[in-house]
Amino acid sequence: MSLILVVTLFIISANADEKLIISYDEAKRTALENNREMLLAKEAVKSTEGKITETNSYFLPKLTLTGNYNYISAVPSIEMSLPVGLTTITKDIQTGANDNWLFKASISQTIFDWGRMWENIDVASKSSEIAKLDYELAASLVVFNVTQSVNGVILSGKVLQANEESLRVAESHLKTAEQKYENGTASSFEVLRSKVQVSSLKPMVSKAKNNLENAKNILKNILGMPINKEIEVKDDLKEEENIEVKYEDALKKAREKRPDLKKFYKRKEMIETLLD
């Protein structure tokens, strides 16, 4: 038992230490599959679809089966006497049994309920459509968050590279200034200025490292990954061409495509159905 536990922990630790190199498209796909909000929205869709099946079953006949068992220790009996020739025979006849079983089956079918069943089906269908729109909305928000987070990781990485390069150059200048000072070809002021520049760049490098780590943690949270998982984001984003969009066309497309607006109109229809 302990050996299995040790092997399991070793496998988990090994998977956590292995660095994952992920592209933007892979990050989107992973988030759509593993993000917590996506999983909740998917379960909500399944739940509403099950509600539709349940409401449709109201049109089917309902079969009810019941059973009952009673045990009677003292069974009632009737004493009967029968003349046989010159003698009389007396015998007790039981009017029941010790074990008593009762089984009952009934079938019921709703004929008319003032349209409530049709109304329930309509409401269940609209609820399912709203859940699917919630799923679309969650997907669009997840893609937006992944895009922002991936860009944040890439930008933080480039800032860190720039600061590390600046620090490397400053340390090289400091080393050169110290050598020139020892040779008498540079003043102490030049050495001091180089030291100040190196000292000012070190906190910037540390801050850039922290910013990169925070950006990666935000991305891992969106992707549904463990926080201790090492990841590296590919810088494979392509610059899109500028597209000219007119205000009227953008507004029309937003009204037709945005899932939150569709959800609002669908919820309005459902409330109107309940009020009718």
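S.K.: Which residues make up the overall build of the chain, and what values do they have?
M.R.: The helix and strand tally for the chain stands at 7 helices and 6 strands. Along the chain, from the amino end to the carboxyl end, the secondary structure elements read α-β-α-α-β-β-β-β-α-α-β-α-α. The proportion of buried residues among the 276 residues of the chain is 22%. Taking contacts inside the chain between residues at least 6 apart in sequence as the whole, the part at least 24 apart equals 76%.

S.K.: Please provide a residue-by-residue account of the packing of aromatic side chains, values included.
M.R.: Tallying each qualifying case throughout the model produces 2 aromatic pairs. When the centroid spacing of 4.4 Å and the interplanar angle of 45 degrees are considered together, the rings of Tyr69 and Trp101 count as tilted. Placement of the pair is Tyr69 in strand S2 (residues 62-71) and Trp101 in strand S5 (residues 99-108), with a sequence separation of 32 residues. Residue Tyr69 is classed as partly exposed on the basis of its relative accessible area, which comes to 37%. Geometrically, the ring pair formed by Trp101 and Phe103 is stacked, given 6.3 Å between the ring centres and 5 degrees between the ring planes. The exposure class of Phe103 is exposed, given its relative accessible area of 66%.

S.K.: Could you give an account of the layout of surface pockets, with specific residues and numbers?
M.R.: Taken as a whole, the largest pocket spans an internal volume of roughly 270 Å³. Surrounding the largest pocket, 13 residues form its lining, Val153, Gly157, Gln161, Glu232 and Val233 being those nearest its centre. Looking at side-chain class alone, the lining of the largest pocket contains 5 nonpolar, 2 polar and 6 charged residues.

S.K.: Break down the packing of helix H4 (residues 116-183) against helix H7 (residues 259-275) for me, with residues and values.
M.R.: For the pair H4 and H7, interaxial distance at closest approach is 9 Å and the crossing angle is 165 degrees. The orientation of H4 with respect to H7, classified from their angle, is roughly antiparallel. Handedness of the H4/H7 crossing: left-handed. Taken together, the residues of H7 that come into contact with H4 (itself represented by Glu119, Asp122, Val123, Lys126, Ser127, Glu129, Ile130, Leu133, Asp134, Glu136 and Leu137) are Pro259, Asp260, Lys262, Lys263, Lys266, Arg267, Glu269, Met270, Thr273 and Leu274. Residues of the contact of H4 with H7, tallied by class, amount to 7 nonpolar, 2 polar and 12 charged.

S.K.: Provide a residue-level description of the environment of Ala44, including the pertinent values.
M.R.: By the secondary structure assignment, Ala44 is in helix H3 (residues 36-56). On the basis of relative accessibility, which here comes to 34%, the residue Ala44 falls in the partly exposed class. Sequence separation between Ala44 and Ala131 is 87 residues; the distance between their C-alpha atoms is 6.2 Å.

S.K.: Which residues make up the nonpolar core, and what values do they have?
M.R.: The biggest cluster of nonpolar side chains holds 31 residues, and the ones touching the most others in it are Val146, Val150, Leu219, Leu223 and Val233. When residues of this core are traced back to their parent elements, those giving at least two are helix H2 (24-34), H3, H4, helix H5 (188-223) and strand S6 (231-233). With 12 residues, the single largest contributor to this core is H4. Once residues within four sequence positions are removed from consideration, Val233 is found in contact with Ile22, Val150, Val153, Ile154 and Leu219.

S.K.: Give a detailed account of the pattern of salt bridges, specifying residues and quantitative values.
M.R.: Scanning all chains against the criterion turns up 8 salt bridges. Between Arg36 and Glu37 there is a salt bridge, with the nearest N and O atoms lying 3.4 Å from each other. Among the residues examined, Arg36 registers a relative accessible area of 57% and is labelled exposed. According to the relative accessible area criterion, Glu37 is partly exposed, its value standing at 44%. The partner of Lys46 in a salt bridge is Glu43, with the nearest N and O atoms 3.9 Å apart.

S.K.: Run through a nonpolar patch on the surface, naming residues and quoting values.
M.R.: A grouping of Tyr69, Tyr71, Trp101 and Phe103 is seen on the molecular surface, where their side chains present a nonpolar patch of about 570 Å² in accessible area. Every element with two or more residues in the nonpolar patch is listed here: S2 and S5.

So, how was this worked out
- Residues numbered from 1 in each chain as written.
- Predicted model: local features only at pLDDT ≥ 70, side-chain atom pairs only at ≥ 80, totals over all residues.
- Heavy atoms only, no water.
- Helix = DSSP H or I, 4+ residues; strand = E, 2+ residues; numbered from the N terminus.
- Buried < 20%, exposed > 50% of the residue type's maximum accessible area, 1.4 Å probe, protein only.
- Contact = heavy atoms within 4.5 Å.
- Phe/Tyr/Trp six-rings, centres within 6.5 Å; stacked < 30°, edge-to-face > 60°.
- 1 Å grid on protein atoms, 1.4 Å probe; cavity = no way out; pocket = protein on both sides within 12 Å on 5 of 7 lines; lining within 4 Å.
- Points joined across faces, edges and corners; volume = space filled by probe spheres on them.
- Nonpolar A, V, L, I, M, F, W, Y, C, P; charged D, E, K, R; others polar.
- Axes fitted to C-alpha atoms, helices over the stretch in contact; angles between N-to-C directions.
- Parallel < 35°, antiparallel > 145°, perpendicular 65-115°, else oblique.
- Left-handed = near helix turned anticlockwise from the far one by under 90°.
- Core = buried A, V, L, I, M, F, W, Y, C linked by side-chain atoms within 4.5 Å.
- Salt bridge = Lys/Arg side-chain N within 4 Å of Asp/Glu carboxyl O.
- Patch = residues over 30% accessible without salt bridge, like charges linked within 9 Å, V, L, I, M, F, W, Y side chains within 5 Å.
- Areas by Shrake-Rupley, 256 points an atom, 1.4 Å probe, with all protein chains shown as cover.

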